[in-house]
Amino acid sequence: MTAYILDRIEGQLDTLSRSEADVGRWVLEHPRQVIDQSISELAVVAGVSEPTIIRFSRSVGVSGFRELKTRLIANLQRPESYLHHDVDAQDSAIDAAGKVLERSIWALVELREQIPKQPLEAAVEAMATARQLVFSGLGASGIVAEDACHKFFRLGIPCSSTVDSQTILQRAAIAGVGDVHVAISHTGQWPDLVRAMALARRNGATVIALTDPRAPLAEQASLVIECHPPEDTNLYTPMCSRLAQLALLDALQVALALARGEAAEVALSRSKDVLRYR
């Protein structure tokens, strides 16, 4: 989260209460000043109470005002070229490519820093004993779901991917105990995906969501793995969020292989051996 605390605040302004948003706007406009302020000083200039600042800090994913200041210090120490810059119509191909790559780099840096706080052990435990794994996503996240299925089946666990609303809902309707449904969504707002995961969970399946922990999809999940890099999706297809999703699923696949031990080694070896004769 360190690399993107200012971007995270900017991205959450619309979801905060009015007083918390006042704090957020002050922090965005005066980040260096906030570093040197006490909580009472910030409360005065932002026109809010001290408890509001504490609530704001927790709303943007940090434990309190002290950690907020630590995150701001780290944010402001990164190279200037890595600060948020949206691609615009005047950019050259080189400038646009640079911005996309910089954003992707920092999305993965942020993801790495979040790993210790994620319920990866619980997710691997559920997957290791699963009757089947079902990866679901819509739009760009559907491509990620298909990629995950392509990797995980090699561990010897029945896998499938569902990438359209009708199929996602139907698979959820016949879900049962022992099934693990992995829902992938940057925004976590798709109504059909949210409805399907609620249904799958009611039917006894474990639901793992890779999404924004504040999204409706997260509310229906058994386990939530935060995967919501800040990016503007109003015009361009999600890019760095897709990379973060792919990287997280790669990490889960490797962790699951380790958890399954010899069974995974045998399955991986057989899946590779059969191709050597082609």
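About the cut-offs
Residues numbered from 1 in each chain as written. Predicted model: local features only at pLDDT ≥ 70, side-chain atom pairs only at ≥ 80, totals over all residues. Heavy atoms only, no water. Disulfide = S-S within 2.5 Å. Buried < 20%, exposed > 50% of the residue type's maximum accessible area, 1.4 Å probe, protein only. Helix = DSSP H or I, 4+ residues; strand = E, 2+ residues; numbered from the N terminus. Pairing = 2+ DSSP bridges. Right-handed = clockwise from strand over helix to strand, strands pointing away. Axes fitted to C-alpha atoms, helices over the stretch in contact; angles between N-to-C directions. Contact = heavy atoms within 4.5 Å. Salt bridge = Lys/Arg side-chain N within 4 Å of Asp/Glu carboxyl O.

Chemist: How would you explain the state of the cysteines if you had to name every residue and give the values?
Modeler: For the structure shown, the criterion picks out zero disulfides. Cysteine Cys159 remains unbridged, with the sulfur of Cys149 as its closest cysteine sulfur at 5.3 Å. Classification of Cys159 by relative accessible area gives partly exposed; the value is 21%.

Chemist: Give a description of the pairing of strand β2 (residues 159-162) that names residues and reports values.
Modeler: Residues Ser160 and Thr162 point to one face of β2 and are all buried, whereas Cys159 and Ser161, pointing to the other face, are not buried. Examined bridge by bridge, strand β1 (residues 132-137) and β2 share four bridges and lie parallel to one another. Counted as the bridge partner of Val134 is Ser160 from β2. Taken together, β1, helix α9 (residues 140-152) and β2 form a β-α-β motif whose crossover is right-handed.

Chemist: For the sheet that holds strand β4 (residues 206-211), give the residues involved together with the corresponding values.
Modeler: Whenever strands of a sheet pair, they do so through backbone hydrogen bonds, lying parallel or antiparallel. Strand order in the open sheet formed by five strands is β2-β1-β3-β4-β5, and the pairing between neighbours is parallel. At either end of the open sheet lies a strand with only one pairing partner, and these are β2 and β5 (223-226). Strand-to-strand twist across the sheet, computed as the mean angle between neighbouring axes with direction ignored, equals 20 degrees. Bridge count for β1 against strand β3 (residues 179-184) is six bridges, and the pairing is parallel. For Leu133, the partnering residue across the bridge sits in β3 and is Val180. Most of the contacts of helix α11 (residues 191-202) go to β3, to which it runs at about 165 degrees, and overall it touches β1, β3 and β4.

Chemist: Which residues make up the pattern of salt bridges, and what are the values?
Modeler: Scanning the entire structure with this criterion turns up eight salt bridges. One salt bridge in this structure joins Arg131 and Asp179, with 2.8 Å as the shortest N-O distance. One end of the pair, Arg131, is in the loop between α8 (120-128) and β1; the other, Asp179, is in strand β3, with 48 residues separating them in the sequence. Its relative accessible area of 1% is what places Asp179 among the buried residues. Measuring nitrogen to oxygen at the nearest pair gives 2.9 Å for the salt bridge that ties Asp273 to Arg276. Judged by its relative accessible area of 64%, Arg276 falls in the exposed class.

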